[in-house]
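Analysis of the macromolecular model
Each chain, written out:
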Amino acid sequence: EPVPRDPGPARPAGSSLYARIGGVYPIALFVDRVVDALLDDERVGLPVDTQKRNEASLKYLFTELVCSICGGPEVVTSRDHDETKLLVPRSAWRIFIATAEVAADHLPRATRGS
């Protein structure tokens, strides 16, 4: 049997930002990079624990949120629970934005803010 030319996931249809970015996989990579960088940056000091606020849960829930905001089909499952938010301190907001800009280097240029 012939192998498909591109066996990867199909690009989502439509004109939403979610579709233009390429769906959940590029967004998940973006979130992975952002969360890793923020957790490693002592100036930011994201609060984590070994139960509800850990690296894996922050990445999963932030991916849900970004996908939903971008027009994807993901449902935000924990919208109003503080333990699922990144809780970036106001003083570190510029660091967050700079980190997000670097983390977005794999996304199509037309979808990036600058």
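Cut-offs used in this document
- Residues numbered from 1 in each chain as written.
- Predicted model: local features only at pLDDT ≥ 70, side-chain atom pairs only at ≥ 80, totals over all residues.
- Heavy atoms only, no water.
- Salt bridge = Lys/Arg side-chain N within 4 Å of Asp/Glu carboxyl O.
- Helix = DSSP H or I, 4+ residues; strand = E, 2+ residues; numbered from the N terminus.
- Buried < 20%, exposed > 50% of the residue type's maximum accessible area, 1.4 Å probe, protein only.
- Expected span 1.5 Å × (residues − 1).
- Arc of directions from axis to C-beta.
- Contact = heavy atoms within 4.5 Å.

Comments concerning the pattern of salt bridges
- Applying the stated criterion to the full structure yields 5 salt bridges.
- In this structure, lysine 59 and glutamate 55 form a salt bridge, with 2.8 Å as the shortest nitrogen-oxygen distance. With lysine 59 and glutamate 55 both in helix α3 (residues 55-69) and 4 residues apart, this pair spans about one turn of that helix.
- Here lysine 59 falls in the buried class, since its relative accessible area comes to 14%.
- What makes glutamate 55 partly exposed here is its relative accessible area of 39%.
- Shared partners join several salt bridges into a network, and the residues in it are Asp32, Asp36, Glu55 and Lys59.

Some words on helix α2 (residues 24-40)
- With 17 residues, α2 should reach 24 Å at 1.5 Å per residue; the first-to-last C-alpha distance of 24 Å fits that figure.
- Taken as a whole, α2 has its buried residues at Pro26, Ile27, Phe30, Val31, Val34, Val35 and Leu38. Taken end-on, α2 shows its buried residues confined to a sector of 165°, consistent with a single buried face. Opposite the packed face of α2, turned more than 90 degrees from it, sit the exposed residues Tyr25 and Asp40.
- Tucked inside the fold, the buried residues of α2 contact α1 (17-21), α3 and α4 (93-103).

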